[in-house]
Every structure is written in structure tokens, then in C-alpha cells.
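A look at the structure
Here are the chains, one letter per residue:
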Amino acid sequence: MSELRTYTGVHRPTWIEVDLKAIQANIQNEQQLLPEGTGIFAVVKANAYGHGILEVAKAAEQAGATGFCVAILDEALYLREAGFTCPILVLGAIFKEDVALAAEQEISITVYNEEFFEGLSLPDKPLKVHVKVDTGMGRLGFQTEKEVLYAIEQIEADPRFEFEGIYTHFATADQKETSYFETQLQKFRSILLRLSRKPRYVHAANSATALLHTQADFNMIRLGIAMYGLSPSVEIEDILPYTLQPALSLYTQIAQVKKLQSGDHVSYGATYEAEQEEWVATLPIGYADGILRRFSGYEVLVDGRPAEIIGRVCMDQIIIRLDRYYPVGTVVTIIGRSGRLKRTATDAAEYLGTINYEITCALSARVPRKYMD
Ligand SMILES: *Cc1c(COP(=O)(O)O)cnc(C)c1O
């Protein structure tokens, strides 16, 4: 089969390295914490948080993940087409017209509102469903016990449904203050008590919950950010039960080096002005790759030393100030280690006033991923 050329930049010196061993180590460390028989569904939505869905899914399965969670049906279909046969749960909304497609591929879907049952034409193959309870996230899910029980009644009444799971999602599991978390958990537990029959999967834990609130593991957890080796929040970084190993690094190489004179300017708007003679380098990476414009001023690493991104970030290029001359081709670390220093996705997120999830998700398809194992 001839491979279609893509627009991924394999011919450009900018790349992501994903350490699959780190992903596997994170899963195995999590397994140590879990009671026997508790499954791990690896959350691989959004191209595995930017890490690459197929490679991460394969590594996760090898490490013992028992299923996958994705956000949209297409991600699930993509995994099926690639040959994954384990359970796959779509966490997000799907078109009613697509339930047959989900059933056909044995993909589990989330049921979260009563409208779902109106005029639904069910396929012959059983449709696996997880009932989502909104215990305080205020996003998808049935809000009241009555609604939940009504939904389950509809599901149990029709053999073309398979009641496979029930779940909820926590809004504050990544905070040290636990009162809101406790209230949500209490609500979920009280609904579980009303069920005449528990489905195969009862789940509530995202990474933060699995790390810090093991009493809410039930019999399956949905492991996302921690699997990628990143802390769910900065606040809980110092109380994690094991060391998370970040899997993703982002590198580029110096494309041009030049000396600026005092008064010389750099990039759009000419907002940066050299105050003295200085060495600067142009790097072939920009906001179209996920280095958002707000990265201006952030320090990347060159040969183990910090180098500031100066002037405006362009679509495909940025300029950094060097502490001395470096030759063209010198590797620059944007996320990862360089000498004795490192830059994590969390560092970048802190600088940008966002969360590490957004940093790795923003890395676009144009940047090639290389896999280390
Ligand atoms: C994305 C997501 C997760 C994974 O969350 P992490 O914080 O990355 O572990 C779990 N559950 C739901 C419903 C999600 O949307």
C-alpha cells in the first residue's frame, strides 16, 4: 500500500520525542496503587493529549491498560480500525444517527440525557452504554437520582441495550481542599445504592482522583494526564504518591545565528530592541506548531543554558537570544532536558497562565512525533 504524504514536518528540524517507557512506567506505578481487579482505561482523547493516539494506545495496552476512553466517536473508530479489540468508551456527545456505527464496532457510548431515548432507532447488535451522572461537574450527565433511574429503566427494558457502566466526573479532585469532592462522591454513592443491579463498570476517577482519593477508584479508573507523566495540577505536585515520568519532549534546531547591534530589532512589530551587541538565533517552530504567541519571553534551553524567546512569536518561527555564539544545527529544548536543566510542559503552562494539558494538546499535527521504547 502506498503511503499518502502528509503535511507533518518530517523534513524540518523540529520534532517531538515520546518516551513510551515513561508512559508504561506511569501506568505500572498506578497499578501498584490499585486494588486487584480494578481496571485502567487509558484516556487517549485528543491524539493522546498530543502524544500520538496509536503509539500511546499500544504502549498502554502492553503495560496493562484494560480499555480506552476517548472524547469522540471518530477517535474510537480510529482505534478499532487500527486493530484494538479492548473496550473503548466515548466520553462525549455523539449523533443519535451514529449509534449503529458504535454498536457495530462494539464501542461503548455515554448516555447523559433523556432526549437520547426519544425516537432512537436501535441497531440489532447490542449498544453498550455507560450512564453518566452529573454530581457537580455541571457538564454532561443526569442531575437527579430520578433521571438516572429512569434512564437505567429504559436501558434495562430493551435487550438491544447493554447496561455496561455508570460513572461520574469530579470537578475538584486536583485540589487539596476536598469538601466539594466529598459532596460529589457522596451523591454518586447514594445513587449507586439505589441500583438493583450494578453494571460491569462503575467508575469515577480521573488521574487526580486515582492519585489522591483511592476511596473513589470503584472498579475502573480513567487515567489521562498522569499516564503522560504530568501532574493534574501544580497544587498537588508535592503530594503525589509516586514520581510521574513525563513522556514528551519538544526539540528544534537553530536555523540561523546572527549578531545584533545595539538598536537592532526583532520580529513583527519590531517590539524587541537589542540594548547591546548580542547573539540571536532563529528557530523553525511557531504558533502553528503549538508554540502560542504568549510564549514570547519564555526561556528555552540551549546546551543546558536558558535562552529567552525575544519579540513576537511567528506562525512558523521564533527568535531566541543566546548567551554566546552557537552553530547552526544546535539542538534547542523547548520541553525536556538539556544538560542539568529541564523544562516541563507544566513550566510552560505556568508561564502562559494555563495548564499542562493545554500545552501538549496544542502541539499540532505538523510536528512529527518520534517514539522511544
Ligand atoms: C479527560 C477526562 C478524563 C481524564 O482526565 P485526567 O485529568 O487527564 O486524568 C477522565 N474522565 C473524563 C470524563 C474526561 O473527560
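As annotated in an unreviewed UniProt entry, the chain carries the name Alanine racemase and comes from Listeria aquatica FSL S10-1188. Checking UniProt for the chain, the heading Catalytic activity (unreviewed entry) contains the comment "L-alanine = D-alanine". Annotation of the chain in UniProt includes, under Sequence similarities (unreviewed entry), the sentence "Belongs to the alanine racemase family."

Attention now moves to the domain arrangement of the chain. Each domain of the chain was delimited in the assignment, giving domain 1 (34-238) and domain 2 (248-372). Placing a centre on the C-alpha atoms of domain 1 and another on those of domain 2 gives a separation of 37 Å. Tallying the contact residues gives 13 residues for domain 1 and 10 residues for domain 2. Buried area between domain 1 and domain 2, summed over both chains or domains, comes out near 1100 Å², and the portion from carbon and sulfur atoms is 60%. Applying the counting rule to domain 1 against domain 2 returns zero salt bridges. Inspection of the region where domain 1 meets domain 2 yields five residue pairs in polar contact (both at pLDDT 80 or more). Taken together, the residues of the side of domain 1 that touches domain 2 break down into six nonpolar, five polar and two charged.

Turning our eyes to something else, we now look at unusual backbone geometry. Of note, S267 is a non-glycine position whose phi angle comes to about 70°, a positive value. For S267, the location among the structural elements is in the loop between β12 (265-266) and β13 (272-273). In this structure S267 comes out as partly exposed when scored by relative accessible area, which is 24%. Positive phi, close to 50°, is recorded for D303, a residue that is not glycine. You can see D303 is positioned in the loop between β15 (299-302) and β16 (305-310).

A few words now on the nonpolar core. In terms of nonpolar packing, the biggest core is built from 114 residues, with V44, F68, L127, I166, M227 and I320 touching the most fellow members. No other element matches the six residues that helix α3 (residues 53-63) contributes to this core. In terms of domain composition, this core takes at least three residues from each of domain 1 (34-238) and domain 2 (248-372). Apart from the residues within four sequence positions on either side, I320 is in contact with W279, V280, A281, L283, V300, V302, A307, E308, I309, I310 and V332. Counting residues in hydrophobic clusters, the runner-up holds seven residues, among them L260, V266, A274 and I310.

Below, the discussion takes up the sheet that holds strand β6 (residues 127-133). Paired through their backbone hydrogen bonds, the strands of a sheet run either parallel or antiparallel. If you trace the eight strands once around the closed barrel, you get β2-β3-β4-β5-β6-β7-β8-β9, paired in parallel fashion. Looking at each pair of strands side by side, their axes are set apart by 30° on average, direction ignored. In terms of strand pairing, strand β3 (residues 67-70) meets strand β4 (residues 88-90) through three bridges, oriented parallel. Its bridge partner lying in β4, F68 is registered against I88. Against the sheet, helix α6 (residues 145-157) touches β6 and β7 (161-168), its axis set at about 160° to β7. Contacts from helix α7 (residues 179-193) reach β6, β7 and β8 (201-205) within the one sheet, and its direction differs from that of β7 by about 150°.

This next bit is on the site of the ligand. For the ligand, the full set of nearby residues is V43, K45, Y49, L91, R139, H169, N206, S207, R222, G224, I225 and Y357. A distance of 2.7 Å is found between an oxygen atom of the ligand and a side-chain nitrogen or oxygen belonging to K45. In the model, an oxygen atom of the ligand is placed 2.5 Å from a nitrogen or oxygen of the S207 side chain. Relative to its unbound accessible area of 390 Å², the ligand is 92% covered by the protein chains. Considering only residue class, the shell around the ligand consists of five nonpolar, four polar and three charged.

Here is what the cut-offs are and how they apply
- Once a new chain begins, its residue numbering starts again from 1 and follows that chain's sequence as written.
- Local features in this predicted model are restricted to residues of pLDDT 70 or higher, and side-chain atom pairs are both shown and tallied only at a pLDDT of 80 or more, whereas totals for entire chains, interfaces and linings draw on every residue.
- Calculation of side-chain values draws on the structure's entire complement of heavy atoms; hydrogens and water are dropped beforehand.
- UniProt positions are given in the numbering used here, feature names are shortened, and annotations may be inferred rather than shown by experiment.
- Just so you know, the domain bounds were taken from an automatic or database domain assignment.
- Contact between two residues is taken to exist if any of their heavy atoms lie within 4.5 Å; hydrogens are not considered.
- We define buried area as the total accessible area lost by two parts upon association, computed with a 1.4 Å probe and summed across both.
- We count a salt bridge whenever a side-chain nitrogen from Lys or Arg sits within 4 Å of a carboxyl oxygen from Asp or Glu.
- Between N or O atoms, a polar contact is any pair within 3.5 Å; within protein, one atom must be a potential hydrogen donor and the other a potential acceptor, and residues adjacent in sequence are included only when both atoms are from side chains.
- Each residue is assigned to one of three groups, with Ala, Val, Leu, Ile, Met, Phe, Trp, Tyr, Cys and Pro labelled nonpolar, Asp, Glu, Lys and Arg labelled charged, and all others, Gly among them, labelled polar.
- Runs of E in the DSSP output that reach at least two residues are strands. Runs of H or I that reach at least four are helices, and both are numbered from the N terminus.
- Burial classes follow relative accessibility: with a 1.4 Å probe on protein chains only, a residue under 20% of its type's maximum area counts as buried, one over 50% as exposed, and anything between as partly exposed.
- Nonpolar core, defined: a set of buried Ala, Val, Leu, Ile, Met, Phe, Trp, Tyr and Cys residues in which side-chain atoms within 4.5 Å join the residues together.
- At least two DSSP bridges between two strands are required for those strands to pair.
- Axis angles are defined between N-to-C directions and span 0 to 180 degrees, where every axis is a line fitted to C-alpha atoms and, for a helix, only to the segment in contact.
- When at least one non-hydrogen atom of a residue lies within 4 Å of a molecule or strand, that residue is treated as near it.
- Here the Shrake-Rupley method, with its probe set to 1.4 Å, supplies the accessible areas, and only the displayed protein chains count as covering residues.

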